[in-house]
Amino acid sequence: MLKTPPLLVVEVVSPGSKKIDYEQKLAEYKAIKIPEYWIVDLRNSQVCVLLLTETGYEATVFTGNQRIISPTFSELAVTASQLLSA
């Protein structure tokens, strides 16, 4: 078991894992206090950045040429399109 949770977890949604990535893993990551969780959804062409707060995760969705904002990695300079096409 991890003594310290990772700062960031990134999941890539597959057709069979959408419910797991958006619901089940969200609860699991909240329980172990992972501060930032990204869901890369190729089918919907979006990157969902979830930040852990006292009440749960707050989500921000990035698409197209929007620069992904990550408080954990503030120096990151990548757009949703760049990440989705990598």
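Preceding this paragraph is the structure being described.
Summarised in this report is the structure supplied together with it. Note that the coordinates shown come from a computational prediction; the quantities given were computed from them, not determined experimentally. (Residues numbered from 1 in each chain as written. Predicted model: local features only at pLDDT ≥ 70, side-chain atom pairs only at ≥ 80, totals over all residues. Heavy atoms only, no water.)

Considerations on the packing of aromatic side chains
One pair of aromatic rings is described through two measures. These are the centre distance and the angle between the planes. Enumeration over the complete set of coordinates arrives at two aromatic pairs. Taking 4.7 Å as the distance between ring centres and 80 degrees as the angle between the ring planes, the aromatic pair formed by tyrosine 29 and tyrosine 37 counts as edge-to-face. Given a relative accessible area of 12%, tyrosine 29 falls into the buried group. You can call tyrosine 37 buried: its relative accessible area is 0%. Within the aromatic cluster, the residues linked to one another by ring pairs are Tyr29, Tyr37 and Tyr57. (Phe/Tyr/Trp six-rings, centres within 6.5 Å; stacked < 30°, edge-to-face > 60°. Buried < 20%, exposed > 50% of the residue type's maximum accessible area, 1.4 Å probe, protein only.)

Describing the pattern of salt bridges
Taken as a whole, this structure holds one salt bridge when the rule is applied. The closest approach of N and O atoms between glutamate 11 and lysine 25, which form a salt bridge, is 3.0 Å. Linking glutamate 11 in strand 1 (residues 8-12) with lysine 25 in helix 1 (residues 18-31), this pair joins segments that are 14 residues apart in sequence. Overall, glutamate 11 belongs to the buried group, its relative accessible area being 14%. (Salt bridge = Lys/Arg side-chain N within 4 Å of Asp/Glu carboxyl O. Helix = DSSP H or I, 4+ residues; strand = E, 2+ residues; numbered from the N terminus.)

Some details on unusual backbone geometry
For lysine 33, which is not a glycine, the phi torsion comes out positive at approximately 65 degrees. Looking at the secondary structure, you find lysine 33 in the loop between helix 1 and strand 2 (36-41). Residue lysine 33 is classed as exposed on the basis of its relative accessible area, which comes to 57%. Backbone geometry places serine 45, a non-glycine residue, at a positive phi of 50 degrees. With respect to the helices, strands and loops of the structure, serine 45 is situated in the loop between strand 2 and strand 3 (46-53). Exposure remark for serine 45: the relative accessible area of 41% places this residue in the partly exposed category.

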